[in-house]
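Next come the chains, spelled out residue by residue.
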Amino acid sequence: MPPPPSWRAGRSARAGTVDLVAIRAAPGLAPEDLAGRLKGRLGEQYEIATGRFRADAESPGAAAGRGLLLVLPGSIGGISLMIVGFVVSGGLSLSINRQRRELILLRAAGATPRQVRRVVAVQGVTAAGLALAPGAASGYFLAARLGELLVSVGALRADQPLVYGPLPAAAAALLLLGVVRVASWAASLHISRMPLISGIAETRPPSRVRTNAGLLLILASLVLATAPLVIQTEAAAIGPATAALLAVIGLALAGPRLVQRAAGALAGSRLMARVSGPVWLAVHNCHGHALRTSGAVAALGMAVTLSLSVVLTQTTITKARSDQATLGMRDLVTITAPGLGGIPRGLLSDVRAVTPAAGVATTTVVTEPLLFGDDSSLMARPALALGPDAGGLVDLEVVDGGLNGLRGHAIALDERVGRVGHSLDVIMGDGARVRARVVATYRRGLGFGPVVVSRDLAAAHTTTGLDSAILARPAELGPLLARWPGVELTTRPEGPQAGSASAQALVNMAVLAVLLAYVLVAVANRLVATTTGRRDELDGLRRLGATPRQLRRMIRWEAAMIAAGASGAGLVLSAVPLVLLGAGFLARPAPSGPLWLAPASVLVVGLVVWPAMELPARKIIH
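Residues numbered from 1 in each chain as written. Predicted model: local features only at pLDDT ≥ 70, side-chain atom pairs only at ≥ 80, totals over all residues. Heavy atoms only, no water.

1. Let's talk about the overall build of the chain
Applicable threshold: For helices the rule is a DSSP run of H or I covering at least 4 residues; for strands it is a run of E covering at least 2, with both sets numbered from the N terminus onward. With a 1.4 Å probe rolled over the protein chains alone, any residue whose accessible area is under 20% of its type maximum counts as buried; one over 50% counts as exposed, and the rest are partly exposed. A contact between two residues is defined here by any heavy atoms of the two lying within 4.5 Å.
Counting its secondary structure elements, the chain contains 20 helices and 12 strands. When each of the 622 residues of the chain is scored for burial, the buried share is 42%. In the chain, the proportion of contacts linking residues at least 24 apart, taken out of those at least 6 apart, comes to 78%.

Quick look at the structure:
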């Protein structure tokens, strides 16, 4: 050990103690060598960090928040790439269908299937390349806004700024070009291999292999949707979300055959003998051009499925969490002092003189992964701090042990993550690492979180040591509280998970809104291009005697059928996972949340489809 190094003690809320000690190595001594000497001198009871690990030691909360910065963009990026591939593949299929004759002429002139696919790939990659610069600029702008949103809702620390650099843009560009290249290859594979005579035909039957693959994915989504019946934690939400994505992909694959079968059944029914000419033409157009129709149905069905699944999954889990917290704190009132930074000293004893009461606090702790879906290294989570006096007031549905043991370095855990008598390393809000003993396990982990710490432990690692609230039995507390300015009384206690749940839901809604806006704009553009490409078809019907009014009615009926098919598919594909989610978390076969979202989604689909087909059709007809 070199002679006297400079020491710097980190500030602590506990008098006479420090949270960390910083040591500067003498000139010529490597930090790693100094760390080895300190470890040999001090033993294993202290944790010594060098290099980039010093930041984790100084701010464990920031280290835990780093996991969110990795998981959230990864999730958003994965879903975005899937949607981009979905939309680009549909757009290229439309473009290839309009260029069918030109591509067949290339084949007739001697071009190989590989060269035909390369022509299509160049078109797609060129379009993607033109979008890279504005897309990257928009991405950095939205990343900054998302960072501000995460900080504002408490999901990210304010001292953990986003770092900007060229690597994310380069990675996004490579991924985008790769997705577009694969989508162009898939879209052009069939026509590049078609015989010349078959390729001249305007329509082709949907592939049986593609249909079967889509149906298998839809069946697989039903299996994943049963996760809430087995897993009673927030991780169960992964099941319905993944099921929705699989169902959407399955709908895209099986859509042409399903649309052809449905329209064929309608076209062959006796009802067709009693409908007008425009309706008859609309039904047979949907049947004969199933590929064209199913693209819009699948994309709009995806928008309906994702919007209903994401929103109602969040609201259902929030309802289940609130119900558990309400049951655990039923028949209680809450006393808070939001403007004072905590419950004033002496107020708790005064309330206890009137009615049974217990002081509680809400803190943030960092632990190792405890539940499925936690970060693989460290996980920051809100925790309720209770004392032994909470046993007769707060009902956590204790399975083993008791809340009367919540003294000193004691914690209670969800029964799925620990056992009484075990120990768990907990990093408190001030960065101190504490080895706490488990004195109780309970069932209501959804409402109260997987960890409940003792009031003694929370107070020892906060600046003021004050309680954040008092839980009490209802009584005549008005005259008492009138003597304490700044104190408020509420009759609806909330669990520690309420704030984090609201933050997570807000972030999910913001991301969903951006993705759905992209999907709806892309579908509208596709419908406009599809309708514009039907100029020869509409001119032919005009020459056969159809009036402009009849053609407009035909287009409207086609739009209505597309909107109805997309809405019906989206409602059905989202209904099964949401029903199972409600059964697993709420013990009823229905989700909780804004059910008006279903008719609102149908209305939005109609408002997208109708003008995207009606306006270009009017221009062509007139």
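2. Observations regarding empty space enclosed by the protein
For the record, the criterion: Buried and open spaces are told apart on a 1 Å grid over the protein atoms alone, a cavity being a set of points where a 1.4 Å probe fits but cannot get out and a pocket being an open set with protein on both sides within 12 Å along at least five of seven lines. Residues with an atom within 4 Å of a point are the lining residues. Grid points are joined across faces, edges and corners, and a volume is the space filled by probe spheres set on the points.
Following the criterion strictly, the structure yields two cavities of 30 Å³ or more and no others. In this structure, the largest cavity occupies an estimated 90 Å³ of space. Residue lining of the largest cavity: Cys-286, Arg-292, Thr-293, Ala-296, Arg-526, Leu-527, Thr-530, Thr-531, Arg-534, Glu-558, Ile-562 and Met-613, and that is the complete set. Secondary-structure elements contributing two or more residues to the lining of the largest cavity are helix H12 (290–328), helix H17 (498–532) and helix H19 (548–586).

3. Brief notes about the side chain of Ser-221
With respect to the helices, strands and loops of the structure, Ser-221 is situated in helix H8 (residues 208–224). By relative accessible area, which is 5% here, Ser-221 ends up buried. Setting aside residues no more than four positions away along its own chain, Ser-221 makes contact with Ala-243, Leu-246 and Ala-247.

4. Focus: the confidence of the model for the chain
Defined as follows: Summary of the metric used: pLDDT quantifies the predictor's per-residue confidence within the range 0 to 100.
For the chain, mean pLDDT is 81; residues scoring 70 or higher make up 87% of the total. Note on residues 1–14: pLDDT under 50 across the span, and 36 contacts to partners over four residues away in sequence or across chains.

5. Quick look at the pattern of salt bridges
Operational definition: Any Lys or Arg side-chain nitrogen found within 4 Å of a carboxyl oxygen on Asp or Glu counts as a salt bridge.
If you walk through the whole model with that rule in mind, you get 16 salt bridges. Note that Glu-558 and Arg-534 form a salt bridge whose closest N and O atoms lie 2.7 Å from each other. Pair noted here: Glu-558 is in helix H19 and Arg-534 is in the loop between H17 and helix H18 (535–543), with a separation of 24 residues, a long-range link. When sorted by exposure, Glu-558 lands in the same class as Arg-534, which is buried. One continuous salt-bridge network, built from bridges that share partners, spans Arg-330, Asp-395, Glu-397, Glu-415, Arg-443 and Arg-444.

6. Notes on the packing of aromatic side chains
The condition is simple: Here a Phe, Tyr or Trp ring, Trp counted by its six-membered ring, pairs with any other such ring whose centre lies within 6.5 Å, and the pair is stacked when the planes are under 30 degrees apart, edge-to-face when over 60, and tilted otherwise. A ring is considered to have a charge above it if a Lys NZ or an Arg CZ atom is located within 6 Å of its centre and within 35 degrees of its normal.
Using the criterion set out here, one finds one aromatic pair in the structure. On the basis of an interplanar angle of 50 degrees and a centroid distance of 6.2 Å, the ring pair of Tyr-140 and Tyr-164 is categorised as tilted. Of this pair, Tyr-140 sits in helix H5 (residues 113–152) while Tyr-164 sits in the loop between H5 and helix H6 (166–193), placing them 24 residues apart in sequence. The exposure class of Tyr-140 is partly exposed, given its relative accessible area of 28%. For Tyr-164, a relative accessible area of 48% puts it in the partly exposed group. One cation-aromatic arrangement involves Arg-145 over Phe-141; the distance from NZ or CZ to the ring centre is 4.8 Å.

7. Re the environment of Thr-112
Along the chain, the position of Thr-112 falls in the loop between helix H4 (100–108) and H5. On the basis of relative accessibility, which here comes to 35%, the residue Thr-112 falls in the partly exposed class. For the pair Thr-112 and Ser-192, spaced 80 residues apart in sequence, the C-alpha separation works out to 7.9 Å.

8. Quick word on the pairing of strand E9 (residues 433–442)
Defined as follows: Pairing between strands is defined by DSSP: at least two bridges between them are needed.
For E9, the buried fraction is high: seven of the 10 residues fall into the buried class. Examined bridge by bridge, strand E6 (residues 398–401) and E9 share three bridges and lie antiparallel to one another. Opposite Val-398, over in E9, you have Tyr-442 as the bridge partner. In this sheet, E9 lies alongside strand E7 (residues 410–414) in parallel orientation, the contact comprising five bridges. Looking at the pairing, Leu-413 lines up with Thr-441 of E9. By the bridge criterion, five bridges tie strand E8 (residues 423–427) to E9 in an arrangement that is antiparallel.

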